[in-house]
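# Chain and residue survey
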2 protein chains.
Amino acid sequence: MAIDTATAQQQVLDAADRLFYERGVQAVGMDAIRAASGVSLKRLYQLFPSKDKLIEAYLAGRNRQWEQMLQEHLDAATEPRERILAVFDFLSAWFTQRDFRGCAFINSFGELGAISPRVAELAKQHKAGFRQALTDLAQTAGAADPDQLADHLILLSEGAITTSAISGSPKPAERAREAAVLLMRVSLPT
Amino acid sequence: MAIDTATAQQQVLDAADRLFYERGVQAVGMDAIRAASGVSLKRLYQLFPSKDKLIEAYLAGRNRQWEQMLQEHLDAATEPRERILAVFDFLSAWFTQRDFRGCAFINSFGELGAISPRVAELAKQHKAGFRQALTDLAQTAGAADPDQLADHLILLSEGAITTSAISGSPKPAERAREAAVLLMRVSLPT
DNA sequence: ATCGGGAGAGAACGAGCGTTCTCCCTCGTT
DNA sequence: AACGAGGGAGAACGCTCGTTCTCTCCCGAT
């Protein structure tokens, strides 16, 4: 019974996503992914010719999921300031997910950034994408210096992600939102 | 020629500190530490009976160094608000160190937090220590809600650390400082 | 019915790791 | 001088991992 290529690929990616995120990339062997995906080792290597490529695909998928989740929260608001605050609603929702373990890119960067230039690059790109999104939001909200406000919001967000991951509490999202409100009060025209 | 125990231990810790921080914990083998410390493998295992113990010692040492560096920057100021801002001077100085690779605790947590409860615990403790220090500073500065201000400052700091590590630029320290000034302006009595 | 290609299961391989063991040398004590 | 404890160098061991190979079976084409 041959499973078609597209669904096999999806099963592998699903398993990789779950295991890599849950336990860390280096702690998960290709055989664990084979077992979790139900695909043969041979097929696995046909779909992803090396673990490195699978890691890249995992991170690419994470980036896609992440952007989509963020976008959905942004779409819930129309007023510019509300849209900025929606970023922190997104974080809050993310942190309370049962399997939340921090940012896959920060984690992978800590694990492999020094060893794999590709992983370091993907992490950089992911964060640059977030920065761009926040800059757009700040600009639309009428910030005098959108780059500055965006950078401040990034710091709050990234800080909330790592603090929440390490402490195991979702509270940093609320704190970040509070601080964002205060900063917007100063950085946006009344 | 027998080196005395204390200096041998120090040489091992120095080597472990450099290599673990530079390349990540899992990427560095015990043999690499032996080679870098100039100590025999036998002695190494007499000093640290397992790699786990060595990792613990590495993190404990990092925590000590970190607290000391922070304290030195705090000591450079006496006025309460200046002392809070000194935290960001500390970050700025840290980020511009040639070998800066982010926070050892965040990195180790990303690598091993899901696998080693001890590492997760040490990361938690380190961050709790930082939180305590900031709470004291906020209280001394007269914040109406010292916990809140401390949490906001933590988010900025942690965000700056990871953003600076991934982007490779020290600029997040300046941004964090800017944001801290704005937040203090709102959260501290005039 | 037969043949061939592809897929699955898992053994095999080579490398690297953490840890232990062996062997030999040194050196302080008697 | 003889001896024994201890230390250095590195081989060895057992395990895991990424990757490849072998063998077998199934299934569609002829």
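Residues numbered from 1 in each chain as written. Chains lettered and ligands numbered in written order. Predicted model: local features only at pLDDT ≥ 70, side-chain atom pairs only at ≥ 80, totals over all residues. Heavy atoms only, no water.

### Some details on the UniProt feature "domain: HTH tetR-type" (unreviewed entry) in chain A
Stated formally: UniProt positions are given in the numbering used here, feature names are shortened, and annotations may be inferred rather than shown by experiment. Helical segments are the DSSP runs of H or I of at least four residues, strand segments are the runs of E of at least two, and each set is numbered from the N terminus.
Residues annotated by UniProt as "domain: HTH tetR-type" (unreviewed entry) correspond here to residues 6-66 of chain A. Annotated as residues 6-66 of chain A, this span is 80% helix and 0% strand, and its ends, taken at the C-alpha atoms, are 22 Å apart.

### Details of the protein's contact with DNA strand C
This is how the line gets drawn: Any residue with a heavy atom lying within 4 Å of a molecule or strand is counted as near it. Whenever a nitrogen or oxygen atom comes within 3.5 Å of another N or O atom, the pair is scored as a polar contact, on the condition that within protein one atom can donate a hydrogen and the other can accept it, and that pairs from neighbouring residues in sequence are kept only if both atoms are in side chains. Polar here means any residue other than Ala, Val, Leu, Ile, Met, Phe, Trp, Tyr, Cys and Pro, which are nonpolar, and Asp, Glu, Lys and Arg, which are charged; Gly is therefore polar.
S40(A), K42(A), R43(A), Q46(A), V28(B), G29(B), M30(B), L41(B), Y45(B), S50(B) and K51(B) make up every residue found near DNA strand C. Taking all atoms of DNA strand C within 4 Å of the protein, the share assigned to sugar and phosphate is 59%. Within the side chain of K42(A), an N or O atom sits 3.1 Å from a base oxygen of DNA strand C. Separating a phosphate oxygen of DNA strand C from a side-chain N or O atom of Y45(B) is a distance of 3.0 Å. Residue contributions to the surface near DNA strand C peak at 3 residues, all from helix α3 (residues 41-47) of chain A. Tallied by class, residues from the surface near DNA strand C come to 4 nonpolar, 4 polar and 3 charged.

### Concerning the protein's contact with DNA strand D
DNA strand D sits among V28(A), G29(A), M30(A), L41(A), Y45(A), S50(A), K51(A), S40(B), K42(B), R43(B) and Q46(B). In the environment of DNA strand D, a phosphate oxygen lies 3.0 Å from a nitrogen or oxygen atom belonging to the side chain of Y45(A). With respect to DNA strand D, the side chain of K42(B) contributes an N or O atom lying 3.0 Å from a base oxygen. Mapped by element, the contributors of at least two residues to the surface near DNA strand D are α3 of chain A together with α3 (41-47) of chain B. If one sorts the elements of the surface near DNA strand D by residue count, α3(B) sits on top with 3 residues. Here the residues of the surface near DNA strand D sort into 4 nonpolar, 4 polar and 3 charged.

### Some remarks on the relation of the copies chain B and chain A
Applying a rotation about an axis and a shift along it to one chain copy brings it onto the other copy. Convention followed: Here the copies are superposed with least squares, the fitted atoms being C-alpha atoms of residues at a pLDDT of at least 70 in both. We call two residues in contact when some of their heavy atoms are within 4.5 Å.
The transform that puts chain B on chain A rotates by 180 degrees and translates by 0.0 Å along the axis, for an RMSD of 0.0 Å. These values place the two chain copies in the arrangement generated by a two-fold rotation axis. When C-alpha positions in chain B are compared against the rotation axis, the closest is assigned to G159(B), at 1.9 Å. The residues that chain B uses at the interface reappear at the interface of chain A in 100% of cases, marking a shared surface.

### Quick word on the packing of helix α1 (residues 5-23) of chain A against helix α2 (residues 30-37) of chain A
All names here are of chain A. Basically, it comes down to this: In this analysis, axes come from line fits to C-alpha atoms, helices being fitted only over the stretch in contact, and the angle between any two N-to-C directions falls in the range 0 to 180 degrees. The labels follow the angle: roughly parallel below 35 degrees, roughly antiparallel above 145, roughly perpendicular from 65 to 115, and oblique for the rest. Handedness of a helix crossing follows the sense of rotation of the near helix relative to the far helix, less than a right angle counterclockwise being left-handed and clockwise being right-handed.
Running from N to C, α1 and α2 point in directions that differ by 125 degrees, and their axes come no closer than 9 Å. Judged on the interaxial angle alone, α2 and α1 are oblique. Crossing angle aside, the handedness with which α1 passes α2 is right-handed. When α1 is examined against α2, the residues Q11, V12, A15, A16, R18, L19 and F20 are found in contact with a partner set consisting of A32, I33, A36 and S37. Here the contact of α1 with α2 is composed, by residue class, of 8 nonpolar, 2 polar and 1 charged.

### Comments concerning the side chain of S37(B)
All names here are of chain B. Quick reminder of the rule: A simple rule labels every residue: compare its accessible area, found with a 1.4 Å probe on the protein chains alone, to the largest value its type can have, and call it buried under 20%, exposed over 50%, or partly exposed in between.
Within the secondary structure layout, S37 lies in helix α2 (residues 30-37). Accessibility expressed as a relative area gives 8% for S37, which makes it buried. A polar contact of 2.8 Å, which involves the side chain of S37, links it to the backbone oxygen of I33. A distance of 3.3 Å separates a polar side-chain atom of S37 from the backbone oxygen of R34.

### Points about the interface of chain B and chain A
Condition: In this description, buried area is defined as the sum, over both parts, of the accessible area (probe of 1.4 Å) that is lost when the two are combined. A side-chain nitrogen of Lys or Arg and a carboxyl oxygen of Asp or Glu constitute a salt bridge if their distance falls within 4 Å.
At the junction of the two partners, chain B supplies 39 residues and chain A supplies 39 residues. Contact between chain B and chain A buries roughly 3,300 Å² in total, counting both sides, with carbon and sulfur atoms accounting for 69%. By the criterion of area lost to chain A, the three top residues of chain B are L155(B), I166(B) and R175(B), representing 22% of everything that side buries. The interface formed by chain B and chain A includes 2 salt bridges. Secondary-structure elements contributing two or more residues to the side of chain B that touches chain A are α1 (5-23), α6 (104-112), α7 (117-140), α8 (146-167) and α9 (171-187) of chain B. Among the elements that take part in the side of chain B that touches chain A, α8(B) stands out by supplying 15 residues, more than any other. Across the side of chain B that touches chain A, the residue classes tally to 18 nonpolar, 10 polar and 11 charged.

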